Amino acid sequence: MKCPMCEQGILKQGKIKEHMFGVYLGEFPAEICSKCNESFTSPETTRAIEEEAKKRGIWGMAKKTKITKSGNSLSVRIPKEIARFLKLEKGKEAYLHPEGNKLVIET
Ligand SMILES: [Zn+2]
């Protein structure tokens, strides 16, 4: 089968290592393009990946937040799921730095 992304490569049965938010979810079967390396998973596999992410408590962790003003600086509200995942607590020290257009919080 031809790759729908690059329309040049051939799709071959293989395995992909799936990660979400830096958490390794395991190996899953996928069709991988011989040219562009794009991988395609079946609806069943996509569901299995979702189940695995839910089991690890990281499903749906990407959330929208509003930036508010607090004195002269800005505040970002961190959803409780992310705070729990990163073990962030009130009063704990953290380091902030930009990375491209991302904001990295390190503890
Ligand atoms: Zn391709």
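This section reports on the structure supplied with the text. The structure displayed is predicted, hence computed values, not measured ones.

## Considerations on the overall build of the protein
Right, on to step 1. Within the protein one finds two helices and seven strands.
Right, on to step 2. Rg of the C-alpha trace for the protein: 19 Å, well past the compact-globule value of 13 Å for 107 residues, more than 25% over.
Right, on to step 3. Viewed in the frame of its principal axes, the protein has a C-alpha envelope of about 60 × 30 × 20 Å.
Right, on to step 4. Counting all 107 residues of the protein, 3% fall into the buried class.

## Structural notes on the pairing of strand β4 (residues 67-70)
Right, on to step 1. Of the strand pairs in this sheet, β4 and strand β5 (residues 73-76) are connected by four bridges, and their pairing is antiparallel. Looking at β5, one finds that Ile67 is bridged to Val76.

Conventions we followed
- Residues numbered from 1 in each chain as written.
- Predicted model: local features only at pLDDT ≥ 70, side-chain atom pairs only at ≥ 80, totals over all residues.
- Helix = DSSP H or I, 4+ residues; strand = E, 2+ residues; numbered from the N terminus.
- Rg over C-alpha atoms; globule rule 2.2 N^0.38 Å.
- Buried ≥ 20, exposed ≤ 12 C-beta atoms within 10 Å, placed from the backbone.
- Pairing = 2+ DSSP bridges.

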